[in-house]
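Each chain, letter by letter, is given below.
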2 protein chains.
Amino acid sequence: MLANFFQQAGSQQSLLADRTCDQATTAIKGIAMKFCSQCGGSIIERVPDGDNRRRFVCASCDTIHYQNPRIVAGCLPVWDERVLLCRRAIEPRRGYWTLPAGFMENGETVQQAAERETLEEACARVMDLQLYTLFDLPHINQVYMFFRAELVDERFCAGDESLEVRLFRQVDIPWSELAFPTVGRTLEYFFADRVQQAFPVRNEAIEAMRVARKQV
Amino acid sequence: MLANFFQQAGSQQSLLADRTCDQATTAIKGIAMKFCSQCGGSIIERVPDGDNRRRFVCASCDTIHYQNPRIVAGCLPVWDERVLLCRRAIEPRRGYWTLPAGFMENGETVQQAAERETLEEACARVMDLQLYTLFDLPHINQVYMFFRAELVDERFCAGDESLEVRLFRQVDIPWSELAFPTVGRTLEYFFADRVQQAFPVRNEAIEAMRVARKQV
């Protein structure tokens, strides 16, 4: 659900333009933990025995609270020669265009997460999902995965967190108004690969500096 | 680091043989949360406003504590006609063979995580990593990703959590002694694809029932 997406990631992404790689480096990247979620005790940062990284550890019950990257799953929905984009209704990047995407939930597959986000944000149903782009964003502890997909029909509309949903031909893509670099890269690859009708899975890292440069 | 891997995933995976899909379904899949990590207040399970899922929410400060799937990254290291496997030194599946893999850490890419795990578990360096298999394990909230990789040289040895590390030709793979279904599937795909010398990225879900059946 998009509320989930924004609450978890939005505020981080909006800060990218002001951050550098160095600034993003802290002892433990992620949200600071103050109390143990198991016993309520105080949390300290230390390297546990047999480990080589600083972790959030409970000073009372010794529980180690690991922090791990999260997956953002989305679709590149296609209808004939056009692709579907959503204009964001909320911050960050309100008013900018994005592919439907959001945080993967427990208990689902990446593909199911991509389908769900497409339904929630664009009220659109997709089929024939094929994994296409996998972007690492180590500076914000996220991995993005987009699937190419066919729209089941031409029915779609703005979900709660979209202002507008539209199909775009390549020549009409609002390149300067895309919300995130992951969206722009996925679209660039898609239109280039479409010429050959070959869509290999693309895996690359998008670093903080690249994001910062693009958003200047 | 393997300590991390086992502490986070091991106990879950070892339970698979005794679980069914239904049994794995709880209100919030994952580790139960009792106290708020921000203010130490009591946690309740409820559907937050604007959401459609039960979450861990702090009764005092209203912080929503999202639970998301984690990524396990690993390598299929190749040397000539052989692939490298590690025999596990600790539970679960102690004594069984695995590809080097473990939980992705904050601040790294999936590929870096796979390289790191290979170094830690097999003391081996790899190059030319290519994303190969991506398995969804929704019943334990994990996504596995294996990269095909070339060993840099023939130097390797057992890391702290491996009993033994060896190169295997296809005919020598200990199929009945593999630790996890994700490892078996990756090896099956690899040897099949090697015949054609074409290695498309494979994405599929491995359900609890499949795991249970295989481990009976």
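Structure: above.
Source: prediction; values computed, not measured.

A. Highlighting the sheet that holds strand β3 (residues 64-65) of chain A. Residue and element names in this part refer to chain A. Strand order in the open sheet made by the three strands is β1-β2-β3, with antiparallel pairing throughout. The sheet terminates laterally at β1 (43-46) and β3, the two strands that pair on one side only. Direction of pairing for β1 relative to strand β2 (residues 55-58): antiparallel, over a ladder of four bridges. Following the sheet pairing, I44 is matched in β2 by V57.

B. The arrangement of unusual backbone geometry in detail. Between E91 of chain A and the following residue, P92 of chain A, the backbone shows a cis peptide bond with an omega angle of -5°. For P92 of chain A, the position within the fold is in the loop between β5 (82-88) and β6 (97-98). Even without a glycine there, the phi angle at C123 of chain A is positive, about 50°. Looking at where C123 of chain A falls in the secondary structure, it is placed in the loop between α3 (110-122) and β8 (126-137). For D80 of chain B, which is not a glycine, the phi torsion comes out positive at approximately 55°. Looking at the element boundaries, D80 of chain B is found in the loop between β4 (70-79) and β5 (82-88). Since its relative accessible area comes to 59%, D80 of chain B is described here as exposed.

C. How the structure looks around the relation of the copies chain B and chain A. Once turned by 180° and shifted 0.0 Å along the axis, chain B lies on chain A with an RMSD of 0.0 Å. Read as a symmetry element, the transformation amounts to a two-fold axis. When the interface residues of chain B are mapped onto chain A, 100% of them again lie at the interface, so the same face is used by both copies.

What counts, and where the lines are drawn
Residues numbered from 1 in each chain as written. Chains lettered and ligands numbered in written order. Predicted model: local features only at pLDDT ≥ 70, side-chain atom pairs only at ≥ 80, totals over all residues. Heavy atoms only, no water. Pairing = 2+ DSSP bridges. Helix = DSSP H or I, 4+ residues; strand = E, 2+ residues; numbered from the N terminus. Buried < 20%, exposed > 50% of the residue type's maximum accessible area, 1.4 Å probe, protein only. Least-squares fit on C-alpha atoms with pLDDT ≥ 70 in both. Contact = heavy atoms within 4.5 Å.

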